[in-house]
Amino acid sequence: EAGVVQSPRYKIIEKKQPVAFWCNPISGHNTLYWYLQNLGQGPELLIRYENEEAVDDSQLPKDRFSAERLKGVDSTLKIQPAELGDSAVYLCASSLDGRLAGGRYNEQFFGPGTRLTVL
Amino acid sequence: KQEVTQIPAALSVPEGENLVLNCSFTDSAIYNLQWFRQDPGKGLTSLLLIQSSQREQTSGRLNASLDKSSGRSTLYIAASQPGDSATYLCAVRRANDYKLSFGAGTTVTVRA
């Protein structure tokens, strides 16, 4: 079974430039998460999707960050314009809704992440 | 707000020694707890998931216990190997909330 796929793996941009990250979740997983991980810290949730709907975006800085999950499968996270403080690892995760998981209730599976460096 | 703490932040042991990693959380009304492994520059690999109704989970050399009432979980790794060197993170999901609250992790080095 293929895992969560993310691209690019690394991105270096100058401040004020736009950047986009792409995520393809595990096939059949209806819930998708974007996390931000700063160095030496645990990941923090940015946004959670159930199918196409963003059901929790309370931690997403909406002035510069946006996300979409068209057709309830792939997702894109965008930053425009990027700031120096946005340098971090952006992780995507997916899970199967508990009602369908057959006991593996909402176990989240993570992709390899995109390491963003803003100069 | 759920606060998750992992102590120690770093640990170095000789090969063959058993590892004990601690995780504590402030809100005992949890749905489940996951232990992850993260290698440098990589994503998170799920190791074990413990439901709130369970006391422990085992997978190979790994055993995780959960004491919900005291807000603690412990990950035991038996007979450590250099390949076990990584950062281990615990994450807690509260009841009625899909968000995972992560600790900062414990970085383990197993010396050959």
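**Student:** Help me get a handle on the sheet that holds strand β3 (residues 19–25) of chain B, residues and values and all.
**Tutor:** Residue and element names in this part refer to chain B. Spatial ordering of the open sheet is given by β1-β3-β8-β7-β6, a layout of five strands whose pairing is antiparallel. Every interior strand has two partners, whereas the edge strands, β1 (4–7) and β6 (56–59), have only one. Adjacent strand axes in the sheet meet at a mean angle of 15 degrees, parallel and antiparallel pairs treated alike. The sheet contact formed by β6 and strand β7 (residues 62–67) spans four bridges and is antiparallel. Each residue of the ladder has a partner; that of Glu-56, found in β7, is Ser-65.

**Student:** Describe in detail the state of the cysteines, supporting the description with residues and values.
**Tutor:** Evaluation of the coordinates by the stated rule reveals two disulfides over all chains. The disulfide partner of A:Cys23 is A:Cys92, and the gap between their sulfur atoms is 1.9 Å. Residues A:Cys23 and A:Cys92 are joined by a disulfide whose S-S torsion is about -70 degrees; by sign, that bridge is left-handed. Of this pair, A:Cys23 sits in strand β3 (residues 19–24) while A:Cys92 sits in strand β9 (residues 88–95), and the two are 69 residues apart along the sequence. By relative accessible area, which is 0% here, A:Cys23 ends up buried. Paired through a disulfide, B:Cys23 and B:Cys90 show a sulfur-sulfur distance of 1.9 Å.

**Student:** Explain the sheet that holds strand β1 (residues 5–7) of chain A residue by residue, including any values.
**Tutor:** Residues and elements named next belong to chain A. Sheet architecture is open: four strands sit in the order β1-β3-β8-β7, paired in antiparallel fashion. This sheet does not close on itself; its edge strands, each paired only once, are β1 and β7 (65–68). Here the average twist between neighbouring strands, direction ignored, is 15 degrees. Pairing between β7 and strand β8 (residues 75–79): four bridges, direction antiparallel. Counted as the bridge partner of Ser-66 is Lys-78 from β8.

**Student:** Tell me what's going on with the interface of chain B and chain A, and back it up with residues and numbers.
**Tutor:** Bring the parts together and some accessible area is lost; that lost area is often taken as the interface size. Counting residues at the interface gives 20 residues for chain B, matched by 23 residues for chain A. For the pair chain B and chain A, the summed buried area comes to about 1,700 Å², and 50% of that belongs to carbon and sulfur atoms. For the pair chain B and chain A, the interface holds zero salt bridges. At the level of secondary structure, the elements contributing two or more residues to the side of chain B that touches chain A comprise β4 (30–38), β5 (44–51), β9 (86–94) and β10 (100–102) of chain B. Ranked by residue count, the leading element in the side of chain B that touches chain A is β4(B), at five residues. Its residues assigned to classes, the side of chain B that touches chain A shows nine nonpolar, eight polar and three charged.

Calculation notes
- Residues numbered from 1 in each chain as written.
- Chains lettered and ligands numbered in written order.
- Predicted model: local features only at pLDDT ≥ 70, side-chain atom pairs only at ≥ 80, totals over all residues.
- Heavy atoms only, no water.
- Pairing = 2+ DSSP bridges.
- Helix = DSSP H or I, 4+ residues; strand = E, 2+ residues; numbered from the N terminus.
- Axes fitted to C-alpha atoms, helices over the stretch in contact; angles between N-to-C directions.
- Disulfide = S-S within 2.5 Å.
- Buried < 20%, exposed > 50% of the residue type's maximum accessible area, 1.4 Å probe, protein only.
- Contact = heavy atoms within 4.5 Å.
- Buried area = accessible area lost by both parts, 1.4 Å probe.
- Salt bridge = Lys/Arg side-chain N within 4 Å of Asp/Glu carboxyl O.
- Nonpolar A, V, L, I, M, F, W, Y, C, P; charged D, E, K, R; others polar.

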